[in-house]
Amino acid sequence: MEKVSFGSNAIKYGLIAAVLLIIQTLVYYLLDINVFQWSFMLLSFALMGIIIISSIIVGIKNLRKANDDIISFGKAFGQGMLIGTITLILAGVFSLVFNLLIVPEYLPSQIDNFVAFMEGMNIPDDAIDMAIDEFKKGITTEGQIMSFFKNTAFFIVITLIASLIIAAALKKEDTQSDIF
């Protein structure tokens with residue numbers, strides 16, 4: 001089988017996962033889904049996790065298959081981290097561009113949904129007012145850029161943990177003996 005390079009394989013699967021996350025974002029926007037619902041948040045987070053974890057698994061398996069069905073734990077882990085990092089950075093940059101340049105009115109239009117979400121949790125009015133102020137700060141250019149870095153760092157830690165587990169499960173060392 002044709003050899004696949006470590007970097008090109010990670011880019012391929014990172015791009016695929018990023019495109020799927022971008023499509024997910026666009027579907028939410030086009031369907032005007034209220035993102036401030038517990039059920040939606042859980043479903044969205046789960047779908048994001050499935051996309052990223054699946055791309056890491058398939059990417060590692062593809063690299064292993066292309067290398068005579070052998071991959072060390074270190075290479076599998078590195079591949080998983082690179083796929084996840086590429087995915088997160090590309091999807092995050094798209095989110096920034098989308099919210100700041102393409103549809104800058106989208107996040108401000110979600111304030112009413114945010115308020116309804118907070119009120120549904122029986123939070124005191126003064127706490128809701130503080131949360132609204134934080135929400136408004138978060139949708140500014142500076143706030144979104146800071147969120148990009150915070151979210152990327154958080155999800156890279158999650159990717160690190162997932163990559164460790166996946167690499168341990170998918171590693172396959174050369175089992176041929178040097179005796180013969």
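None of the values given here were measured: they were computed from a predicted structure.

A. Representation of helix α7 (residues 141-170) in the model. Along its 30 residues, α7 runs 41 Å from first to last C-alpha, staying within 8% of the 44 Å computed at 1.5 Å per residue. Those residues of α7 lying buried are Gly 143, Gln 144, Phe 148, Thr 152, Phe 155, Thr 159, Ala 162, Ser 163, Ile 166, Ala 167 and Leu 170. Check the buried side of α7 and you find it contacts α2 (38-66), α3 (73-102), α4 (106-109) and α6 (125-138).

B. Representation of the packing of helix α1 (residues 6-30) against α2. Running from amino to carboxyl end, α1 crosses α2 at an angle of 160°, the nearest separation of the two axes being 9 Å. Judged by the angle between their axes, α1 and α2 are roughly antiparallel. Relative to α2, the crossing made by α1 is right-handed. On the side of α1, the interface is formed by Phe 6, Asn 9, Tyr 13, Ala 17, Leu 20, Leu 21, Gln 24 and Tyr 28, while α2 contributes Phe 40, Ser 44, Leu 47, Met 48, Ile 51, Ile 52, Ser 55, Val 58, Gly 59, Asn 62 and Leu 63. The class makeup of the residues in the contact of α1 with α2 is 13 nonpolar, six polar and no charged.

C. Seen up close, the environment of Ser 8. Structurally, Ser 8 can be placed in helix α1. Along the chain, Ser 8 and Ile 60 lie 52 residues apart, while their C-alpha atoms are 12 Å from each other.

D. Quick look at the nonpolar core. Within the largest apolar cluster, 21 residues are counted, with the highest numbers of intra-cluster contacts made by Leu 21, Met 48, Ile 52, Ile 56, Ile 60 and Ile 166. If you list the elements that add at least two residues to this core, you get α1, α2, α3 and α7. Looking at this core element by element, the count peaks at six residues for α2. Contacts of Ile 52, omitting those with residues within four sequence positions, involve Leu 21, Gly 84, Thr 87 and Leu 88. Core analysis: the next-biggest nonpolar cluster, separate from the first, contains 17 residues, Phe 94, Leu 107, Ile 111 and Ile 132 among them.

E. Here's a closer look at the packing of aromatic side chains. In this structure the tally under the stated criterion is 13 aromatic pairs. Taken together, a centroid distance of 5.7 Å and an interplanar angle of 70° make the contact between Phe 36 and Phe 135 edge-to-face. Residue Phe 36 is located in the loop between α1 and α2, and its partner Phe 135 is located in helix α6; the two are separated by 99 residues in the primary sequence. Each of the two residues, Phe 36 as well as Phe 135, counts as buried. Taking 5.3 Å as the distance between ring centres and 55° as the angle between the ring planes, the aromatic pair formed by Trp 38 and Phe 117 counts as tilted. You can see Trp 38 sitting in helix α2 and its partner Phe 117 sitting in helix α5 (residues 111-120), a full 79 residues away along the chain. An aromatic cluster of at least three residues, connected via ring pairs, comprises Phe 36, Trp 38, Phe 114, Phe 117 and Phe 135.

F. View of the pattern of salt bridges. Following the criterion strictly, the structure yields three salt bridges and no others. Of the charged contacts in the structure, one is a salt bridge between Arg 64 and Asp 69, with a shortest N-O distance of 3.2 Å. Take Arg 64: its relative accessible area is 17%, and that puts it in the buried class. Residue classification places Asp 69 among the partly exposed residues on the basis of a relative accessible area of 31%. Note that Asp 69 and Lys 172 form a salt bridge whose closest N and O atoms lie 2.6 Å from each other. Of this pair, Asp 69 sits in the loop between α2 and α3 while Lys 172 sits in the segment after α7; the two residues are 103 residues apart in sequence, bridging distant segments of the chain. Within the structure, one salt-bridge network assembled from shared partners comprises Arg 64, Asp 69 and Lys 172.

Conventions adopted
- Here the residue numbering is sequential within each chain, running from 1 through the sequence in written order.
- Residues qualify for local features only when their pLDDT is at least 70, as the model is predicted, and side-chain atom pairs are given and counted only at 80 or more; totals for whole chains, interfaces and linings, by contrast, use all residues.
- Hydrogen atoms and water are omitted, and side-chain values are computed over all heavy atoms in the structure.
- Each helix corresponds to a stretch of at least 4 residues labelled H or I by DSSP, and each strand to a stretch of at least 2 residues labelled E; elements are numbered beginning at the N terminus.
- A helix is expected to span 1.5 Å for every residue after the first.
- Only protein chains enter the accessibility calculation, which uses a 1.4 Å probe; a residue whose area is less than 20% of its type maximum is buried, one above 50% is exposed, and one in between is partly exposed.
- Whether two residues are in contact is decided by their heavy atoms: any pair within 4.5 Å suffices.
- Note on geometry: axes are C-alpha line fits, over the in-contact stretch for helices, and angles between N-to-C directions span 0 to 180 degrees.
- For classification purposes, angles smaller than 35 degrees are called roughly parallel, those larger than 145 roughly antiparallel, those between 65 and 115 roughly perpendicular, and all remaining angles oblique.
- For any pair of crossing helices, the crossing counts as left-handed if the nearer helix is rotated counterclockwise from the farther one by less than a right angle, and right-handed if it is rotated clockwise.
- Amino acid classes used here: Ala, Val, Leu, Ile, Met, Phe, Trp, Tyr, Cys and Pro are nonpolar; Asp, Glu, Lys and Arg are charged; the rest, including Gly, are polar.
- We call a set of buried Ala, Val, Leu, Ile, Met, Phe, Trp, Tyr and Cys residues a nonpolar core when their side-chain atoms join them within 4.5 Å.
- Here the aromatic set is Phe, Tyr and Trp, taking the six-membered ring for Trp, and pairing holds for ring centres within 6.5 Å; pairs whose planes are under 30 degrees apart are stacked, those over 60 apart are edge-to-face, and all others are tilted.
- For this analysis, a salt bridge means a side-chain nitrogen from Lys or Arg found within 4 Å of a carboxyl oxygen belonging to Asp or Glu.

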